[in-house]
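Chain by chain, the residues:
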Amino acid sequence: MRRARNSIRSPVFGRGRDTLTILANRYGSDKGDKAHGRHCYAEIYDRLFSSKRLEPIAFLEIGLLHPSDTDGAATRAPSLHMWREYFPRARLFGFDIDDFSMVALPNCTIFRGDMGSRADLRKMARSVATPFDIIVEDGSHASHHQQIALATLFPFVAAGGLYIIEDLHWQPAAIEKIAIPKTRSLCRDFRSSGTFRSPVITDGESAYLAENIESIDLFDSMDRYHIDNKDGLAVITKRPNGAGCQTAT
């Protein structure tokens, strides 16, 4: 059984903006260091993804725009515009519970669905019919949604691929379930126990995660709106020789 590596802390800022942070700021994504939220995840992503910029990867983002920024059908998806420019050869996919049918980008498909629904997630992943090299989950941030999405989609991640969960340091009170452990705690515990267990993850899903997670690296969020920003971002790497991806079952 593989154990996750120790947590990696925040990058050192103030040395000039990287390419992805510049794009995040240009398109108004909170992954940069200017828009509301200012999590500064883009600098971390630039370090992780720069070697793949010109590769024909399959990239999925879950959660495309803050609900307060939509009134009816969405007309923009800031981070998808950012990713489209950053990964010019990627097959780009988006997934959101809201209507993004008015947003069109080259070589980009946007699915509508509920990240708390295994059926919706599987339908989306199977329709793509190729393993995802990178998944960035920036959806509701509710713990049970984060864990259901991870358990459902991790089998669809390519061997050696990345599954990333944003904003582990904040959960929405209106939909957060008290009985569900925080995803941040599960990620921390995995490093010592090698297991990933939750009431919303089946025994089979838990076993799959334990056998196929190579590492979990944790980074701090840089936003100024929360007292505890430690371990706000989880980067979960799949084992290079992990179990085959479920693209047709």
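It should be noted that the structure appears before, not after, this text.
1. Observations regarding the sheet that holds strand β7 (residues 233-238)
Part 1: Taken together, seven strands build an open sheet; the order of strands is β3-β2-β1-β4-β5-β7-β6 and the sheet is mixed. The open sheet has two edge strands with one neighbour each: β3 (108-112) and β6 (213-219). Geometrically, the sheet is characterised by an average inter-axis angle of 15° between neighbouring strands, direction not taken into account.
Part 2: Strand direction decides the pairing type here: strand β1 (residues 58-62) and strand β4 (residues 132-137), joined by four bridges, are parallel. Bridged to Leu60 within β4 is Ile135.

2. Description of the environment of Lys177
Part 1: Structurally, the position occupied by Lys177 is in the loop between β5 (157-165) and α6 (183-193).
Part 2: A relative accessible area of 45% places Lys177 in the partly exposed class.
Part 3: Counting along the chain gives 35 residues from Lys177 to Ala142, while the straight-line C-alpha distance between them is 7.8 Å.

3. Remarks on the packing of helix α1 (residues 19-27) against helix α3 (residues 78-86)
Part 1: Relative to each other, α1 and α3 sit at 140°, their axes nearing to 9 Å. By the criterion of interaxial angle, the relationship of α1 to α3 is oblique. Relative to α3, α1 is oriented so that their crossing is right-handed. Note on element contacts: α3 touches α1 through Pro78, His81, Met82, Trp83, Glu85 and Tyr86, opposite Thr19, Leu20, Leu23, Ala24, Arg26 and Tyr27.

4. Some points on the environment of Asp98
Part 1: Along the chain, the position of Asp98 falls in the loop between β2 (91-96) and β3.
Part 2: Remark: the alpha-carbon pair of Asp98 and Gly63, spanning 35 residues in sequence, is separated by 9.0 Å.

5. Quick word on the pattern of salt bridges
Part 1: Enumeration over the complete set of coordinates arrives at ten salt bridges.
Part 2: Among the salt bridges present, the one from Lys31 reaches Glu61, with a minimum N-O distance of 3.0 Å. Here Lys31, found in the loop between α1 and α2 (41-49), pairs with Glu61, found in strand β1; they are 30 residues apart in sequence, far enough to count as distant. Glu61 shares its class with Lys31; the two are buried.
Part 3: With its nearest N and O atoms 3.2 Å apart, the salt bridge here joins Arg47 to Glu43. Taken together, the residues span about one helical turn, with Arg47 and Glu43 both in helix α2 at a distance of four residues.
Part 4: Salt bridges sharing common partners tie together Lys31, Glu61, Asp138 and Glu166.

6. Details of the pairing of β1
Part 1: Counting buried positions along β1 yields five of five residues, so the element is predominantly enclosed.
Part 2: By the alternation rule, side chains of β1 split into Ala58, Leu60 and Ile62 and Phe59 and Glu61, which are all buried.
Part 3: Relative to β2, β1 runs parallel, the two being bridged by five bridges. The residue of β2 that forms the bridge with Ile62 is Phe95.

Rules used throughout
- Residues numbered from 1 in each chain as written.
- Predicted model: local features only at pLDDT ≥ 70, side-chain atom pairs only at ≥ 80, totals over all residues.
- Heavy atoms only, no water.
- Pairing = 2+ DSSP bridges.
- Helix = DSSP H or I, 4+ residues; strand = E, 2+ residues; numbered from the N terminus.
- Axes fitted to C-alpha atoms, helices over the stretch in contact; angles between N-to-C directions.
- Buried < 20%, exposed > 50% of the residue type's maximum accessible area, 1.4 Å probe, protein only.
- Parallel < 35°, antiparallel > 145°, perpendicular 65-115°, else oblique.
- Left-handed = near helix turned anticlockwise from the far one by under 90°.
- Contact = heavy atoms within 4.5 Å.
- Salt bridge = Lys/Arg side-chain N within 4 Å of Asp/Glu carboxyl O.

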